[in-house]
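Below, each chain spelled out in residue letters.
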Amino acid sequence: AILMPPLFILTSSNRLVQNRLSTLQAWLSKTFTKQLMLPINFQGHKWASMLLALTLMLLSLNLLGLLPYTFTPTTQLSMNMALAVPMWLSTVLIGMRNQPTISLGHLLPEGT
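Remember, predicted model here, so these are calculated numbers, not experimental data.

Asks: Just give me the short version of the overall build of the protein, but keep the residues and values in it.
Replies: Per the secondary structure count, the protein includes five helices and zero strands. Reading the helices (α) and strands (β) of the protein from amino to carboxyl end gives α-α-α-α-α. Taken across its 112 residues, the protein has 15% of its residues classed as buried. Accessible area of the protein: about 9,200 Å², with a carbon and sulfur share of 69%.

Here's what the structure looks like:
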């Protein structure tokens, strides 16, 4: 389980025929990205590489906690807040920029 996240690191090659490791890496990356982007509309697919990198980082950090006598950095509030606040703020700001009436409508009671 710990060796799987390094396989997802995106690399490009000038070779016409890829070896088994790069084929497996491309297949896993494509499958993982497809599952991650399934509930998101087409305009949200431009965030695929950032979300894939964030997910793989969290996966590898949490898998490190399975080893004996190791410390999982995601148990600290400072790391969780450093990851969560920019993502939340970007979601709110992009929502306000793209659809301001719908975004502000969530602040009102329903039916007003």
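Alright, that's what it looks like, and here's the rest.
Asks: Just give me the short version of the side chain of threonine 74, but keep the residues and values in it.
Replies: Its place among the elements puts threonine 74 in the loop between α3 (48-64) and α4 (77-98). Among the polar contacts made by the side chain of threonine 74, one reaches the side chain of asparagine 62 at a distance of 2.5 Å. In this structure, threonine 74 is in contact with Leu58, Leu61, Asn62, Met79 and Asn80, ignoring residues within four places of it in sequence.

Asks: Account for the side chain of threonine 72, naming residues and giving values.
Replies: Positionally, threonine 72 belongs in the loop between α3 and α4. Judged by its relative accessible area of 14%, threonine 72 falls in the buried class.

Asks: So what about helix α2 (residues 20-37)? Which residues, and what values?
Replies: With 18 residues, α2 ought to run about 26 Å at 1.5 Å a step, and its terminal C-alpha atoms sit 26 Å apart, in line with that. For α2, the full list of buried residues reads Ser22, Gln25, Leu28, Ser29, Thr33 and Met37. With its buried residues spanning 145 degrees around the axis, α2 presents them on a single face. Turned more than 90 degrees away from the buried face of α2, the exposed residues are Arg20, Trp27, Lys30, Lys34 and Gln35.

Cut-offs applied
- Residues numbered from 1 in each chain as written.
- Predicted model: local features only at pLDDT ≥ 70, side-chain atom pairs only at ≥ 80, totals over all residues.
- Heavy atoms only, no water.
- Helix = DSSP H or I, 4+ residues; strand = E, 2+ residues; numbered from the N terminus.
- Buried < 20%, exposed > 50% of the residue type's maximum accessible area, 1.4 Å probe, protein only.
- Areas by Shrake-Rupley, 256 points an atom, 1.4 Å probe, with all protein chains shown as cover.
- Polar contact = N/O pair within 3.5 Å; in protein donor to acceptor, adjacent residues only side chain to side chain.
- Contact = heavy atoms within 4.5 Å.
- Expected span 1.5 Å × (residues − 1).
- Arc of directions from axis to C-beta.

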